[in-house]
Amino acid sequence: GAGVSQSPSNKVTEKGKDVELRCDPISGHTALYWYRQRLGQGLEFLIYFQGNSAPDKSGLPSDRFSAERTGESVSTLTIQRTQQEDSAVYLCASSETGTSGGSSYEQYFGPGTRLTVT
Amino acid sequence: AQSVAQPEDQVNVAEGNPLTVKCTYSVSGNPYLFWYVQYPNRGLQFLLKYITGDNLVKGSYGFEAEFNKSQTSFHLKKPSALVSDSALYFCAVRDPGGGSYIPTFGRGTSLIVHP
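Conventions we followed
- The numbering scheme is per chain: residues are counted from 1 as the chain's sequence reads.
- As a convention, the first chain written is A and the first ligand written is 1, with the rest following in written order.
- Restriction of local features to residues with pLDDT of at least 70 applies here, the model being predicted, together with a cutoff of 80 or more for giving and counting side-chain atom pairs; totals for whole chains, interfaces and linings are based on all residues.
- Computation of side-chain values: all heavy atoms of the structure, hydrogens and water removed.
- Contacts between residues were defined by any pair of non-hydrogen atoms, one from each residue, lying within 4.5 Å.
- Joining two parts hides part of their accessible area as seen by a 1.4 Å probe, and the buried area is that hidden amount summed over both.
- Salt bridges are defined by distance alone: a side-chain nitrogen of Lys or Arg within 4 Å of a carboxyl oxygen of Asp or Glu.
- By the convention adopted, Pro, Cys, Tyr, Trp, Phe, Met, Ile, Leu, Val and Ala count as nonpolar, Lys, Arg, Asp and Glu as charged, and the other residues, Gly among them, as polar.
- When DSSP locates at least two bridges between a pair of strands, those strands are taken to pair.
- The numbering of helices and of strands both runs from the N terminus, where a helix is a DSSP run of H or I of at least 4 residues and a strand a run of E of at least 2.
- What counts as an axis is a line fitted to C-alpha atoms, over the stretch in contact for a helix, and the angles between N-to-C directions run from 0 to 180 degrees.
- We place a 1 Å grid over just the protein atoms. Points where a 1.4 Å probe fits but has no way out form a cavity, open points with protein on both sides within 12 Å along at least 5 of 7 lines form a pocket, and any residue with an atom within 4 Å of a point lines it.
- Grid points are joined across faces, edges and corners, and a volume is the space filled by probe spheres set on the points.
- Exposed residues in this analysis have more than 50% of their type's maximum accessible area, buried residues have under 20%, and partly exposed residues fall in between, with area computed by a 1.4 Å probe over protein chains only.

Concerning the interface of chain A and chain B
Counting residues at the interface gives 25 residues for chain A, matched by 23 residues for chain B. Buried area between chain A and chain B, summed over both chains or domains, comes out near 1,800 Å², and the portion from carbon and sulfur atoms is 55%. Where chain A meets chain B, there are one salt bridge. A salt bridge links lysine 49 of chain B to glutamate 106 of chain A, with the nearest nitrogen and oxygen atoms 2.8 Å apart. The residue makeup of the side of chain A that touches chain B, split by class, is nine nonpolar, 13 polar and three charged.

Spelled out as structure tokens, the structure:
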């Protein structure tokens, strides 16, 4: 089956513009995560969606960042008034989820969107 | 709280030699542990995980990892390295007792395998 897909693969935008990044998770995966990876650094958690529950937004770095997910399908990450420090690769991942006690399922990652703010 | 550490930014090994990429963790109870690999300009790929049971876990591409509870470690190993194993490796931990579905990732270790 298809894996996690993200679009666009690359995005160059001018400082101050808004951008929208898209993620299509694996069908049937109820959990969806967004991460940011700056050049040469690790993964920075941004936001987590689980089914129809309220998302965990604890990783969003500012109110310029927001994300939505329609049911258990597509998610979009929006960055308003982009700044140069927003330049990074944005990774989306999805996974199955188990019952209470925390999920033991691994994450499946998309190829990422490379965002460059000039 | 959960945390994970990868103490080495870079590991260099000659092709054909065994390799080890280190990972230590901290959780309040029993951890779920994961290894992922990232090739250049690609997303992360799952390698293996420890949830429960046998401490030695075998995964993709000939990799294995050993869960050591007393040392709170989950080092990634391979008996004979290939040049194609050169990539960035991430360890991740999730604390099921903490109720969080969000794993914590290490900062990554760059593995370079020399011909």
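Let's pick the thread back up.
Structural notes on the sheet that holds strand 7 (residues 75-79) of chain A
Residue and element names in this part refer to chain A. Ordered by their spatial adjacency, four strands build an open sheet running 1-3-7-6, and the pairing between neighbours is antiparallel. The open sheet has two edge strands, strand 1 (5-7) and strand 6 (65-69), and neither has a second partner. When the angles between neighbouring strand axes are averaged without regard to direction, this sheet yields 15°. Both strand 6 and strand 7 contribute to a ladder of five bridges, which runs antiparallel. Note that in strand 7 the partner of arginine 69 across the bridge is serine 75.

Structural notes on the layout of surface pockets
In this model, the largest pocket occupies a volume close to 540 Å³. Residue lining of the largest pocket: 25 residues in total, with Gln37, Val89 and Arg114 of chain A together with Gln38 and Asn41 of chain B positioned closest to the centre. Of all the elements in the fold, those that place two or more residues in the lining of the largest pocket are strand 8 (88-95) and strand 10 (113-117) of chain A together with strand 10 (87-94) of chain B. Among the residues forming the lining of the largest pocket, the class breakdown is nine nonpolar, 13 polar and three charged.

Notes on the pairing of strand 8 of chain A
Residues and elements named next belong to chain A. Most of strand 8 is tucked away: eight of the eight residues are buried. Burial of the side chains of strand 8 extends over both faces: Ala88, Tyr90, Cys92 and Ser94 are buried on one face and Val89, Leu91, Ala93 and Ser95 on the other. Sheet analysis places strand 4 (residues 31-37) next to strand 8, joined by seven bridges and oriented antiparallel. Bridge pairing in strand 8 links tyrosine 35 to leucine 91. In terms of strand pairing, strand 8 meets strand 10 through three bridges, oriented antiparallel. Paired with alanine 88 across the strands is leucine 115, a residue of strand 10.

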